[in-house]
Amino acid sequence: GAVVSQHPSRVICKSGTSVKIECRSLDFQATTMFWYRQFPKKSLMLMATSNEGSKATYEQGVEKDKFLINHASLTLSTLTVTSAHPEDSSFYICSARGAGGRTDTQYFGPGTRLTVL
Amino acid sequence: GENVEQHPSTLSVQEGDSAVIKCTYSDSASNYFPWYKQELGKGPQLIIDIRSNVGEKKDQRIAVTLNKTAKHFSLHITETQPEDSAVYFCAASKNTGNQFYFGTGTSLTVIP
């Protein structure tokens, strides 16, 4: 149980384009989803927290107009990187917290490797 | 805010030996401490967790201990195997569902 998927696993795009990453909880309802960014050999950096049906809460220094987050349902959250630039290249990981049962922990997706040319 | 420190940053052990990774936290209100294993190019996977009302928890070859007074917790892996090689992250949080504060990670290599 507690499976989280991400799509796509890898994406390469041109500078200036937008990229959407999907995060789905497959076997549980997620009231809260988190988006992280991870640089090589570094820890996870929380970008934003999203609750179903409400606006995401962004961490300090994260541009909300650049990283658009939508948590449209209890099983889906999306992160859209708008007008991507090479410095946005990174490993993006989502996690989900369950609505029932195990409500205290986060289950992570497999990550999305974004490369901006 | 919470500050989680993790040591060592790298650890090499011979297959069959034990590995210990330690984390300290600063906020005494933190009450939930998960450990994650991350393999190269993949997302973190929860391997064990402990709550502040428990001092130790074990799951087969993996155990976690918590010292609330000293504000530190440790991951113990016994009889290590090559497939245990990965990066391990500790985390701390307070109250259910709140933000996780992650350690900086430990790269564990198990030498066959």
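Residues numbered from 1 in each chain as written. Chains lettered and ligands numbered in written order. Predicted model: local features only at pLDDT ≥ 70, side-chain atom pairs only at ≥ 80, totals over all residues. Heavy atoms only, no water.

1. Things to note about the side chain of D88 of chain A
Residues and elements named next belong to chain A. With respect to the element layout, D88 can be found in the loop between strand 8 (76–81) and strand 9 (90–98). Look at D88 and you get buried, because its relative accessible area is 5%. Polar contacts involving the side chain of D88 include one to the side chain of K66, which spans 2.9 Å. In contact with D88, other than residues within four places in its own chain, are R37, K66, F67, V81, S83, L114 and V116. (Helix = DSSP H or I, 4+ residues; strand = E, 2+ residues; numbered from the N terminus. Buried < 20%, exposed > 50% of the residue type's maximum accessible area, 1.4 Å probe, protein only. Polar contact = N/O pair within 3.5 Å; in protein donor to acceptor, adjacent residues only side chain to side chain. Contact = heavy atoms within 4.5 Å.)

2. Digging into the state of the cysteines
Residue and element names in this part refer to chain A. Evaluation of the coordinates by the stated rule reveals two disulfides over all chains. Linked covalently through their sulfurs, C23 and C94 form a disulfide whose S-S length is 2.0 Å. Measuring handedness by torsion sign, the sulfur bridge of C23 and C94 sits at about 80° and is right-handed. Separated by 71 residues along the polypeptide, C23 in strand 3 (residues 19–25) and C94 in strand 9 bring together distant segments of the chain. (Disulfide = S-S within 2.5 Å.)

3. Remarks on the pattern of salt bridges
Residue and element names in this part refer to chain B. With the rule as written, the count across this model stands at seven salt bridges over all chains. For E39, the salt bridge goes to K42, with nearest N and O atoms at 3.4 Å. Note that D49 is salt-bridged to K57, the shortest N-O span being 2.8 Å. By relative accessible area, D49 is classed as buried at 3%. The network of salt bridges with common partners includes K37, E39 and K42. (Salt bridge = Lys/Arg side-chain N within 4 Å of Asp/Glu carboxyl O.)

4. Observations concerning the pairing of strand 5 (residues 44–51) of chain A
Residue and element names in this part refer to chain A. With six of its eight residues buried, strand 5 lies for the most part within the structure. Where strand 4 (residues 30–38) and strand 5 come together, seven bridges link them in antiparallel fashion. The partner of Q38 across the bridge, within strand 5, is L44. Hairpin connection from strand 4 to strand 5: five residues lie between these consecutive antiparallel strands, with K41 at a positive phi of about 60°. Between strand 5 and strand 6 (residues 57–58), which follow one another and run antiparallel, lie five residues, and G53 among them has a positive phi close to 85°. (Pairing = 2+ DSSP bridges.)

5. Overview of the sheet that holds strand 8 (residues 72–77) of chain B
All names here are of chain B. Taken together, five strands build an open sheet; the order of strands is 1-3-8-7-6 and the sheet is antiparallel. The open sheet has two edge strands with one neighbour each: strand 1 (4–7) and strand 6 (56–59). With direction set aside, neighbouring strand axes in the sheet form an average angle of 15°. By the bridge criterion, six bridges tie strand 7 (residues 62–67) to strand 8 in an arrangement that is antiparallel. Among the inter-strand pairings, I62 is bridged to a residue of strand 8, identified as I77. (Axes fitted to C-alpha atoms, helices over the stretch in contact; angles between N-to-C directions.)

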